[in-house]
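# Close look at the chain arrangement
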Amino acid sequence: MTAVTNRPSLARRRSRIAGREGVAGWLFTAPMIVILGLFLVIPVGMALWVSFSDWTGRGSPFSGSVGFVGADNYNTLLSGGGLAERDFGISLRNNGWYVLLVVPLQTALSLFLAVLVNRAVLKGRGFFRTAFYFPSVTSSVAITVLWLFLFGATGAVNKVLSYFGVNGPNWFQDPSGIVHNLLGAVGITTGPAILTENTALGVSLWDWLAGPSVAMSAFVLMAVFTTSGTFMLLFIAALQNLSGETQEAAMMDGANGWQRFWRITLPQLKPTLFTVLTLGIIGTWQIFDQIYTGTQGGPGKTTVTPAYLSYTSAFNNQQWGQGSAIAFILFVIIVVLTLLQRFVLRDRAVSKRRLRAYGIAVKGMER
Amino acid sequence: MQRSTKRWLALGAVIAAGSLALTGCSGSSFDSGAGSSQNASAPLTVLIGSSGDAETKAVTDAVASWSSSSGTQATVTAASDLNQQLSQGFASGKPADVFYVSTDALAGYAANGSLLAYGDKLANKDDFYPTLVKSFTYDGQFYCAPKDFSTLGLVINKDLWAQAGLTDADVPTTWDQLSAVAQKLTTADHAGLSFSPEYARVGAFMAEAGGGLVDADGTAATANSDASVAGLSYVKSLLTSGAAKYSSTLGAGWGGEAFGKGLAAMTIEGNWITGAMKADYPNVNYMVAELPAGTAGQGTLQFSNCWGIAADSPNQDAALKLVEQLTSTEQQLTFAEAFGVMPSVQSAAAEWKSANPALAPFLDSATFATGVPTAQGSADVIKDLNSQLESLETSDPKAILDSTQKNLEAVVGK
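Throughout, a residue's number is its position along its own chain's written sequence, starting from 1. Key to labels: chains lettered from A, ligands numbered from 1, both in the order written. Given that this is a predicted model, residues contribute local features only at a pLDDT of at least 70 and side-chain atom pairs are listed and counted only at 80 or more, while totals for whole chains, interfaces and linings are drawn from all residues. Side-chain measures here rest on the full set of heavy atoms in the structure, leaving out hydrogens and waters.

### Overview of the domain arrangement of chain B
Residues and elements named next belong to chain B. Put simply, the rule reads: An automatic or database domain assignment supplies the residue ranges for each domain. Buried area is calculated as the accessible area (1.4 Å probe) missing from two parts once they are joined, with the contributions of both summed. A pair is scored as a salt bridge if a Lys or Arg side-chain nitrogen falls within 4 Å of a carboxyl oxygen belonging to Asp or Glu. Elements are defined by DSSP. Helices are runs of H or I of four residues or more, strands are runs of E of two residues or more, and each kind is numbered from the N terminus. Residues were grouped as follows: Ala, Val, Leu, Ile, Met, Phe, Trp, Tyr, Cys and Pro as nonpolar; Asp, Glu, Lys and Arg as charged; and all remaining residues, including Gly, as polar.
Taken as a whole, chain B is organised into domain 1 (44–147 + 304–327) and domain 2 (152–302 + 373–410). For domain 1 and domain 2, the distance between their C-alpha centres works out to 31 Å. Here domain 1 and domain 2 share an interface that buries about 650 Å² over both sides, 50% of which is from carbon and sulfur atoms. Its largest share of buried area at the contact with domain 2, domain 1 owes to Asp-104, Ala-107 and Lys-134, together 42% of the area lost on that side. On inspection of domain 1 and its partner domain 2, the count reaches 0 salt bridges. A per-element tally of the side of domain 1 that touches domain 2 places helix α4 (residues 103–111) first, with 5 residues. Split by residue class, the side of domain 1 that touches domain 2 holds 3 nonpolar, 5 polar and 2 charged.

Structural data, given as structure tokens:
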């Protein structure tokens, strides 16, 4: 009974303190809330509204003459059957292959570089670290222009290839997909009917499997080149935090360098791996400036990405609803992929298969 | 749970308040509309998508001299990305008063009411080439005055021409002759003919065969008509025979680059090529001819921009006077001299030709030129067509045009 009567007064006191602290807290955070609200929350809210409206780009999207059209803009993109749907399908195809290639490659390369640079025996570590990091701090526009020259028909890359007797492609003018090209090399030039006759988002399944075009592959190489340095820094920081004791213990157990990397180092890098993969997925799905300055979506639409398509539909075609609908679909794709990735990389109990691999240790414990 | 509900409520309130504020401040300027808030002394802003310093300077000078004689203040800004800056202006309700509008952007801006349809009020309305007026007519209304225009011609490298043993009498006037000279001009070092893989070049052959993407009124799609297919098939035959190569195949960004670098002996380009030749390839000795006639006679494509006036402009009368001045015969001849464009008025034709005798074929082509489709969304259709034209050499012209027809039908004549 006493406990019951005491509780309100205690609570009141706590809330009074919380109230005073609360006011101060709100005061301190108010500038940030206003800035975020003004420049982030409201614009995102406006874009969301535009994606459900028939706003044509004149005057305010909230004015009386703008109507609510439900999911029309989304339907046009996802099941409209017209050019808008096909363009969106093509852009997803292009960007999908780009992500599929860039994310694993850049993660593996940056981890590899980090391990190399982190080795105590390496002389001139500072130099290599700077050299690898350098592309990351250069403006992406500058690198794109450099790439256009390097990968021109008579550019440096083709020159080097010619020393090896390889007749290099006309990189940024070549719309052919590399998977199709590989299949073509073994004599398969048209797909089976089941692939060519069925379509998804207006693009035939055979074309979905075309792979990135030669032009897009040049962008893949560029992304790997520019971002590996940044992610290498993250991996170096993580590697330097690992204690040497676990390594030593593994060494005492007779694990060789390869085993120590896969069984000891890599599992401990999992949080960093998650960060790198997440940043990689977000960054690669949002590729825009390279396309805008480099190819403008050509050749043959094979470097159109959703972000670029969103820009052109809004600013060039006055299809503002469709433009923002693309942006929100892209947002959903990124969120879903990040969640999926978090699910795959979650901490879980050691599997039976793994346990069997550690068979000796388990037996040792039993004994 | 309760706490998070409260937080969401707060967030909702912030969004609602913010949107109300935004609606409030832009609503006032939006509802005022055109006409009601006209102010005869309001200064004008002119936004141009300039091709370079010469054009910016010429326009700035012309506007400044109009400004001092009319007493209305006017400033010229060269846009870095014209479409984006225009769109931002229209959305904010405070656009530039006078600006360049391209044929493929016209329909979008006209449809959403951003443009003032002032064409019929122009004093010099009847002086413009009729095909140009048609290009800037949307929904039966003549929206804006053509700024200047360009047509496609056949540009020939005279030295390579002479090396192949050809004379002035061999300048092709038919498709057969074109194929023959292109074949003759082809060597291991250079292609006979080169042009970029896009409708804006290849489309000229469709016109020469009597076809085109849309009919004469621009109200029906005719992309896969027999004539259009015949035109594209001829282009394919040029490519497969090796007499013609796309500029992209030659590693050049456009026909002019392939031509200037000597990678091709002939190219199909517009009169803008003269500027590039003068600046980048001054040593190339070239001449210009009209495009040869196809199965249905001569044909070429024409390109133009117009002077748009914003429906939200507070001083439309002054803007109209400025445009009349900028499109007047003398002013257009001054522009032509400054940055090599062709005047959009017929009264300037004779003088322009006597000043540029070597380029006369470009202007003479105006009599049989056709514009590009202007319906809203047709730019996307053409982009899609361009992406297929890149592989024309190995694909079926009819199949390409069938898919274009399907896409065009969705946007034309709605």
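### A closer look at the pattern of salt bridges
Using the following cut-off: Exposure is judged per residue with a 1.4 Å probe applied to protein chains only, and the accessible area is read against the type maximum: over 50% gives exposed, under 20% gives buried, and values in between give partly exposed.
Considering all chains together, one arrives at 14 salt bridges over all chains under this definition. In this structure, B:Lys353 and B:Asp364 form a salt bridge, with 2.7 Å as the shortest nitrogen-oxygen distance. Note that B:Lys353 is positioned in helix α14 (residues 349–355) and B:Asp364 in helix α15 (residues 360–364), a separation of 11 residues in sequence. Residue B:Asp364 is classed as partly exposed on the basis of its relative accessible area of 27%. Where salt bridges share partners, they join A:Arg86, A:Asp87, A:Lys301 and B:Asp384 into one cluster.

### Considerations on the nonpolar core
Residues and elements named next belong to chain B. Just so we agree on the cut-off: Among the buried residues, those of types Ala, Val, Leu, Ile, Met, Phe, Trp, Tyr and Cys that are joined through side-chain atoms within 4.5 Å form a nonpolar core. Residue contacts are counted whenever heavy atoms from the two residues lie within 4.5 Å of one another.
Phe-99, Tyr-118 and Trp-307 are the most contacted members of the largest nonpolar core, which totals 68 residues. If you tally residues by element for this core, the top one is helix α12 (residues 316–326), at 6 residues. Inspection of this core shows a minimum of three residues originating in each of domain 1 (44–147 + 304–327) and domain 2 (152–302 + 373–410). The contacts of Phe-99, once residues within four sequence positions are left out, are Leu-47, Leu-86, Phe-90, Leu-115, Cys-306, Trp-307, Gly-308, Ile-309 and Ala-310. In this structure, Ile-156, Trp-175, Phe-205 and Ala-375 belong to the second largest nonpolar core, which totals 53 residues.

### Concerning the packing of aromatic side chains
We apply this condition: Centres within 6.5 Å make a pair out of two Phe, Tyr or Trp rings, where for Trp the six-membered ring is used; the pair is then stacked when the planes are under 30 degrees apart, edge-to-face when over 60, and tilted otherwise. Whether a charge sits over a ring depends on NZ of Lys or CZ of Arg being within 6 Å of the ring centre and within 35 degrees of the ring normal.
Counting across every chain of the model gives 33 aromatic pairs over all chains. Ring geometry for A:Phe52 and A:Tyr74: centres 5.1 Å apart, planes at 40°, overall tilted. In this pair, A:Phe52 is assigned in the loop between α1 (2–51) and α2 (72–79) and A:Tyr74 in helix α2, connecting sequence segments 22 residues apart. Their ring planes at 70° and their centres at 5.9 Å tell us that A:Trp258 and A:Trp262 sit as a pair that is edge-to-face. Pair noted here: A:Trp258 and A:Trp262 are both in helix α12 (residues 257–268), with a separation of 4 residues, about one helical turn. Aromatic ring contacts, followed pair by pair, group A:Trp55, A:Phe288, A:Tyr292, A:Tyr308, A:Tyr311, A:Phe315 and A:Trp320 into a single cluster. Positioned above the aromatic ring of A:Phe343, the side-chain terminus of A:Arg346 is 4.2 Å from the ring centre. Residue placement shows B:Lys147 over the ring face of B:Tyr100; its charged tip is 4.2 Å from the ring centre.

### A short note on the interface of chain A and chain B
Threshold: In the analysis that follows, any N or O atom pair within 3.5 Å is treated as a polar contact, provided that within protein one partner can donate a hydrogen and the other can accept it, and provided that, for residues neighboring in sequence, both atoms belong to side chains.
Taken together, the contact pairs 31 residues of chain A with 34 residues of chain B. By the criterion of area lost to chain B, the three top residues of chain A are A:Arg58, A:Leu83 and A:Phe315, representing 23% of everything that side buries. If you look at where chain A meets chain B, you find 3 salt bridges. Its salt-bridge partner being B:Asp384, residue A:Lys301 comes within 2.7 Å of it at the nearest N-O pair. Our count for the contact surface shared by chain A and chain B stands at 17 residue pairs in polar contact (both at pLDDT 80 or more). Where the side of chain A that touches chain B is concerned, the elements lending two or more residues are α1, α3 (83–118) and α15 (306–316) of chain A. A per-class count over the side of chain A that touches chain B returns 13 nonpolar, 14 polar and 4 charged.

### Description of the confidence of the model for chain A
To keep it simple, the criterion reads: Residue-level confidence of the predictor is summarised by pLDDT, bounded by 0 at the bottom and 100 at the top.
Per-residue pLDDT for chain A averages 85, and the proportion of residues at 70 or more is 91%. Within the model, pLDDT remains below 50 along residues 1–5 of chain A, and this stretch shows 0 contacts once partners closer than five positions in the same chain are excluded.

### Quick look at the UniProt feature "transmembrane region" (unreviewed entry) in chain A
Residues and elements named next belong to chain A. For clarity, the cut-off: UniProt positions are given in the numbering used here, feature names are shortened, and annotations may be inferred rather than shown by experiment.
According to UniProt, the positions carrying the feature "transmembrane region" (unreviewed entry) are residues 23–52, 97–118, 130–153, 214–239, 269–288 and 325–345. In residues 97–118, helix accounts for 100% and strand for 0%; the two terminal C-alpha atoms are 32 Å from one another. Spanning residues 269–288, this segment combines 80% helix with 0% strand, and its end C-alpha atoms are found 30 Å apart.

### Quick look at the side chain of B:Asp97
Residues and elements named next belong to chain B. In plain terms, the rule: Positive charge is attributed to Lys and Arg, negative charge to Asp and Glu, and no charge count is given to His or to the chain ends.
Within the fold, Asp-97 resides in the loop between α3 (82–92) and β3 (98–102). The buried charged residue Asp-97 lacks any salt bridge, with Lys-94 as its nearest oppositely charged partner at 11 Å. A distance of 2.9 Å separates the side chain of Asp-97 from the backbone nitrogen of Thr-45, its partner in a polar contact.

### Thoughts on the packing of α15(A) against helix α16 (residues 320–344) of chain A
Residue and element names in this part refer to chain A. Using the following cut-off: Axis lines are fitted through C-alpha atoms, for helices just across the contact stretch, and the angle between N-to-C directions can take any value from 0 to 180 degrees. Throughout this description, any angle smaller than 35 degrees is read as roughly parallel, any larger than 145 degrees as roughly antiparallel, any in the 65 to 115 degree range as roughly perpendicular, and the remainder as oblique. By definition, any crossing whose near helix is turned counterclockwise from its far helix by less than a right angle is left-handed, and any crossing with a clockwise turn is right-handed.
For the pair α15 and α16, interaxial distance at closest approach is 7 Å and the crossing angle is 160°. With respect to each other, α15 and α16 are oriented roughly antiparallel. Every pair of crossing elements has a handedness; the one defined by α15 and α16 is left-handed. The residues of α16 that touch α15, namely those facing Pro-306, Ala-307, Leu-309, Ser-310, Ser-313, Ala-314 and Phe-315, are Trp-320, Gly-323, Ile-326, Ala-327 and Leu-330. Here the contact of α15 with α16 is built from residues that sort into 9 nonpolar, 3 polar and no charged.

### Some points on the environment of B:Phe335
Residues and elements named next belong to chain B. Position of Phe-335 relative to the elements: it lies in helix α13 (residues 329–339). With a relative accessible area of 4%, Phe-335 lands in the buried category. Through-space distance from the C-alpha of Phe-335 to that of Ala-54 is 9.4 Å; in sequence the pair is 281 residues apart. Sequence-distant contacts of Phe-335, that is, excluding residues within four places in its chain, are made with Ala-58, Val-59, Ala-62, Leu-326, Gly-340 and Val-341.

### Considerations on helix α5 (residues 140–150) of chain A
Residues and elements named next belong to chain A. Keep this limit in mind: Along the arc lie the directions from the helix axis toward the C-beta atoms.
Listing the buried residues of α5 in full gives Ile-143, Thr-144 and Trp-147. An end-on view of α5 places all buried positions within 105° of arc, on one side of the element. For α5, the elements touching its buried residues are α4 (125–137), α10 (214–241) and α14 (289–293). By the N-cap criterion, in which a side-chain oxygen at the helix start approaches the backbone nitrogen of a residue two or three places on, α5 is capped by Ser-139, the distance to Val-141 being 3.2 Å.

### Structural notes on the pairing of strand β9 (residues 264–270) of chain B
Residues and elements named next belong to chain B. Going by this rule: Think of it this way: DSSP has to see at least two bridges between two strands before they count as a pair.
Judged by how many residues are buried, β9 sits mostly within the fold: 7 of 7 residues are covered. Across 5 bridges, the pairing between strand β6 (residues 145–157) and β9 is antiparallel. Opposite Leu-152, over in β9, you have Gly-270 as the bridge partner. Here strand β7 (residues 191–195) runs beside β9; their pairing, made up of 3 bridges, is parallel. Among the inter-strand pairings, Ala-191 is bridged to a residue of β9, identified as Ala-264.

### A closer look at the confidence of the model for chain B
Residue and element names in this part refer to chain B. Per-chain confidence: chain B averages 87 in pLDDT, with 91% of residues scoring 70 or above. Predicted confidence is poor over residues 20–36, with pLDDT under 50, and the contacts of this stretch with residues over four places away or in other chains come to 14 contacts. Listed scores for the predicted complex are pTM 0.81 and ipTM 0.76.

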